[in-house]
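Survey of secondary and tertiary structure
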Amino acid sequence: MTTMIAEPVSLRNRSQDWRWVGIFLLVSALLGLGLMVIPAYWVMAALIGLVALGYLALNPDKVFYLAIFTIPFTDRVRVLPISFSLNELVILYCAVVCFLHMVLRRRWASLRTGLDAWLVVLTIMFFLAGYFSESDSGLLGFFKIFEGIIMYYLAVWLIRTHQITRATVIKALLITTLSQALLGIFQSLTGIGANFHSNRGYLGYLGLGSSSVWHGRGTTWHFNTLGNFLATNLLIFMPIYLYLVKRKKWGLFLGGIIMLGLITTYSRGSLLGLASGVIFFLAAVQSDWKRAILFVGAFILLVMPVVLFFSNSSYVETVGFNDRLYIWQVPIAAITSSDKAFWLGSGLNSYSVAAWPYIPAWVPPEQFQNWFAHNFYLLTVVEVGVIGAIIFFGFLIWLWIDTWRKYKMWHGFMSVYSLSISVALVTVFFVSIFDHTFAAPHFKVFLFLILGLLYVKRPSNGQRFQVES
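These lines cover the structure that appears in this document, whether it is placed above or below.

In terms of helices and strands, the protein chain carries 19 helices and four strands. Buried positions account for 47% of the 469 residues belonging to the protein chain. On the protein chain, roughly 24,500 Å² of surface is accessible, and the fraction owed to carbon and sulfur atoms is 71%.

Rolled over the atoms, a probe as big as a water molecule pinpoints where empty space is left. Taken as a whole, the second largest pocket spans an internal volume of roughly 790 Å³. Along the wall of the second largest pocket there are 27 residues; nearest its centre are L174, F237, Y241, V245 and G251. It is helix α10 (residues 248-263) that provides the largest number of residues to the lining of the second largest pocket, a total of eight residues.

This next bit is on α10. For α10, built from 16 residues, the straight-helix expectation of 22 Å at 1.5 Å per residue is met to within 8% by its first-to-last C-alpha distance of 22 Å. Buried residues of α10: L254, I257, I258, G261 and L262, and no others. The buried side chains of α10 occupy one side of the element, clustering within an arc of 145° when seen end-on. Away from the buried face of α10 by more than 90 degrees, exposed residues K249 and L252 are located. In this structure, the buried residues of α10 make contact with α7 (166-190), α9 (223-243) and α11 (268-284).

On to the nonpolar core. Ranked by size, the top nonpolar core spans 113 residues in total, and within it F64, F126, Y351 and L451 carry the most contacts. Counting residues per element, this core draws most heavily on helix α17 (residues 376-409), which supplies 14 residues. Dropping the residues within four chain positions of it, F64 is found in contact with C94, M151, L154, A155, L158, I164, V169 and L449. Of all hydrophobic cores here, the second largest spans five residues; its members include Y202, Y205, V213 and F310.

Compared with the 50 Å implied by 1.5 Å per residue over 34 residues, the 31 Å span of α17 between its first and last C-alpha is markedly short. Taking the largest bend as the criterion, α17 deviates by roughly 115°, centred on V384. Where α17 begins, the capping side chain belongs to N375, and its oxygen is found 2.9 Å from the backbone nitrogen of Y377.

For the rest of this paragraph, the subject is empty space enclosed by the protein. The final tally for this structure, using the stated rule, is two cavities of 30 Å³ or more. Forming the walls of the largest cavity are T225, N228, F229, T232, T437, F438, H442, F443 and F446. Of all elements in the fold, only α9 and α19 (441-455) reach the threshold of two or more residues within the lining of the largest cavity. With four residues, α9 is the largest single contributor of residues to the lining of the largest cavity. Taken together, the residues of the lining of the largest cavity sort by class into four nonpolar, five polar and no charged.

Let us look at the side chain of T265. Mapped onto the secondary structure, T265 falls in the loop between α10 and α11. For T265, a relative accessible area of 0% corresponds to the buried category. Within the structure, the side chain of T265 is placed 2.5 Å from the backbone oxygen of L262, a separation counted as a polar contact. Apart from residues lying up to four places away in sequence, T265 is in contact with H215, G216, F223, L226 and G227.

The rules behind each value
- Residues numbered from 1 in each chain as written.
- Predicted model: local features only at pLDDT ≥ 70, side-chain atom pairs only at ≥ 80, totals over all residues.
- Heavy atoms only, no water.
- Helix = DSSP H or I, 4+ residues; strand = E, 2+ residues; numbered from the N terminus.
- Buried < 20%, exposed > 50% of the residue type's maximum accessible area, 1.4 Å probe, protein only.
- Areas by Shrake-Rupley, 256 points an atom, 1.4 Å probe, with all protein chains shown as cover.
- 1 Å grid on protein atoms, 1.4 Å probe; cavity = no way out; pocket = protein on both sides within 12 Å on 5 of 7 lines; lining within 4 Å.
- Points joined across faces, edges and corners; volume = space filled by probe spheres on them.
- Expected span 1.5 Å × (residues − 1).
- Arc of directions from axis to C-beta.
- Contact = heavy atoms within 4.5 Å.
- Core = buried A, V, L, I, M, F, W, Y, C linked by side-chain atoms within 4.5 Å.
- Bend = angle between axes of the 7 residues up to and from the residue.
- Polar contact = N/O pair within 3.5 Å; in protein donor to acceptor, adjacent residues only side chain to side chain.
- Nonpolar A, V, L, I, M, F, W, Y, C, P; charged D, E, K, R; others polar.

Take a look at the structure:
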């Protein structure tokens, strides 16, 4: 009896073994044929790439973490009429993998959140702005923005199916921020990988070294982009560090690296944005208005000597065509060129079409990019008009009010994290006066990612976490 039962099992195992041998021989034959027409290093790269894609296909959480890590990878690759970044490819692959897992493995979860109505309105608005854009790449601009909404619902689905947690997402974002800060510091110290050089060196103005420095930019296309990314994340992590992290010395060390990375971008707007967020945070966490005035006043007195010192130097000077007030005349001229441009805008990705004709004639074409809006509000009005700008910035204002309300009403992590987003939004509002970094698609991805961690769950009722103690 035992022999009769064991024999079929043995035969079945042998059959499976021969199947794997056949697959191995087939793959080996294909690789051998490939080596006859393709260089060996390309064949090996393709093999490694296929193995990596296969591993990621089996682990959607790993793809999602990779999507977070590649958010600051803003360099674009152009293929015929379209361009894309590494982050966009990873988000697309993550969406496909998650959809297949949802269908094939029946990992269903409700995607309803408190932001759904807003996201529907924003999707319709940006689609219309892309479809009717005066630029040929208007719809491409819509898809780039829509990636942020995809990232939002991917976070919601992965958390609700218990494949990731909010803590692991925050850790992934911290690792991303630290890696960008370290790369920026390296670029600033060595010049390797940096693409901008100026006389903004702080030590030079103090007489302790040269004022000639390289600006760290990480994997972003501009040092301001890295500076604003680091400043926003530093403000998000600050409340979490103060009220939730137990290993204070380790957290302080990591925060110091991010701060040094921010300093070595030599982005003036990012430092001012960080200061605005810190001032708001110091006022927000106090128990009464007298303590708020005391702490904010102490901070201002602390930084004022530094501000006054550098305000009397060439550090704050903007050379020639980079003068913001002069540049803003160009988008304002485009906005007021017609009633349609004023109310509805010229469409997504249309800034060069709408605004370039109003650049002064003495500016050579190779310097047109230096005349970009340098103002998130004006750029938004150029693309989606006054109506679209009211909707979009109304959404951001509503977010700030809602996160502030959640900070006051909720407790524990939800209260602290709501405060983090509220503080970060203050910096977005402030920096956007002098820069258009937050108009970029990767910011939309970053914004909706951090919002997904907040709106994925509703905490139980209870007294709010006493962050002022």
